[in-house]
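# Commentary on secondary and tertiary structure
So you can see what is in the structure, the chains are spelled out below.
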Amino acid sequence: MQNIHDECAACTRCKLCQTRKHVVPGSGSPTAQVVFIGEGPGAQEDAKGLPFVGASGKFLDEMLGSIGLKRDDVFIANVVKCRPPNNRDPEKEEILACMPFLQRQIKVIAPKIIVTLGRFSMQLFLPDAKISQIHGKVQKVGEFVILPLFHPAAALFNGSMRGVLKDDFLVLGKLLSGEMNLD
Ligand code: SF4
């Protein structure tokens, strides 16, 4: 994992390298059962080189806590490892350029469950899906078990989304406890 992160730090595969302060490869346990994939670093993540350190990160921590998990128990990554300027959406070429890093991280970790946070990470596995229709519903994609969730940032702008995300998170708790089957 360290090799992957070192390569990210030196990466110039797309133009996001020109504006980043820090690359944000991801953080957490390299043997985690669950990998979370967000969209891309924001300003605070870019400043610190860590994923989900702002307000959405706080909400993510709260939801992890609701099912008895801490950050160190999981691995958190993003679709793109460098901040898109002004928090714009990552472009297709940037996503494609960065994807090999995420693919290698997933291979090293070999998680039981991949939780996608938001539309961009969901589309890596389910390109034609609509998040409004499949959030909180377990999807099998090849060898992967995917749980698509809304991005925690959505809850910061839309209070009703908080409850939706919290409910969907309980599905993850059930999958991990065996209350819900992974097959
Ligand atoms: Fe490299 Fe990914 Fe950063 Fe682009 S976003 S420069 S591909 S690490």
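Preceding this section is the structure that the text describes.
Figured I'd write up the structure that's included with this text. (Residues numbered from 1 in each chain as written. Predicted model: local features only at pLDDT ≥ 70, side-chain atom pairs only at ≥ 80, totals over all residues. Heavy atoms only, no water.)

### Points about the packing of helix α3 (residues 55-66) against helix α8 (residues 159-177)
- Contact pair α3 / α8: the axes reach a minimum separation of 9 Å and the direction vectors enclose 40°. If you check the angle between α3 and α8, you find them oblique. When you trace α3 past α8, the crossing you get is right-handed. When α3 is examined against α8, the residues Phe59, Leu60, Glu62, Met63 and Leu64 are found in contact with a partner set consisting of Arg162, Leu165, Lys166 and Phe169.
- Of the residues in the contact of α3 with α8, the class split is 6 nonpolar, no polar and 3 charged. (Axes fitted to C-alpha atoms, helices over the stretch in contact; angles between N-to-C directions. Helix = DSSP H or I, 4+ residues; strand = E, 2+ residues; numbered from the N terminus. Parallel < 35°, antiparallel > 145°, perpendicular 65-115°, else oblique. Left-handed = near helix turned anticlockwise from the far one by under 90°. Contact = heavy atoms within 4.5 Å. Nonpolar A, V, L, I, M, F, W, Y, C, P; charged D, E, K, R; others polar.)

### Let's talk about the pairing of strand β2 (residues 34-38)
- When you tally the buried positions in β2, you get 5 out of 5 residues, the bulk of the element.
- The side-chain alternation of β2 yields two buried faces, one formed by Val34, Phe36 and Gly38 and the other by Val35 and Ile37.
- As paired elements, β2 and strand β4 (residues 113-117) share 4 bridges and run parallel to each other. Opposite valine 35, over in β4, you have isoleucine 114 as the bridge partner.
- Of the pairings in the sheet, the one linking β2 to strand β3 (residues 75-78) comprises 4 bridges and is parallel in character. (Buried < 20%, exposed > 50% of the residue type's maximum accessible area, 1.4 Å probe, protein only. Pairing = 2+ DSSP bridges.)

### Considerations on the environment of glutamine 123
- Counting through the fold element by element, glutamine 123 comes out in helix α5 (residues 119-125).
- Spatially, the C-alpha atom of glutamine 123 lies 24 Å from that of alanine 55, the residues being 68 residues apart in sequence.

Function cannot be read off these values alone, since they describe shape.
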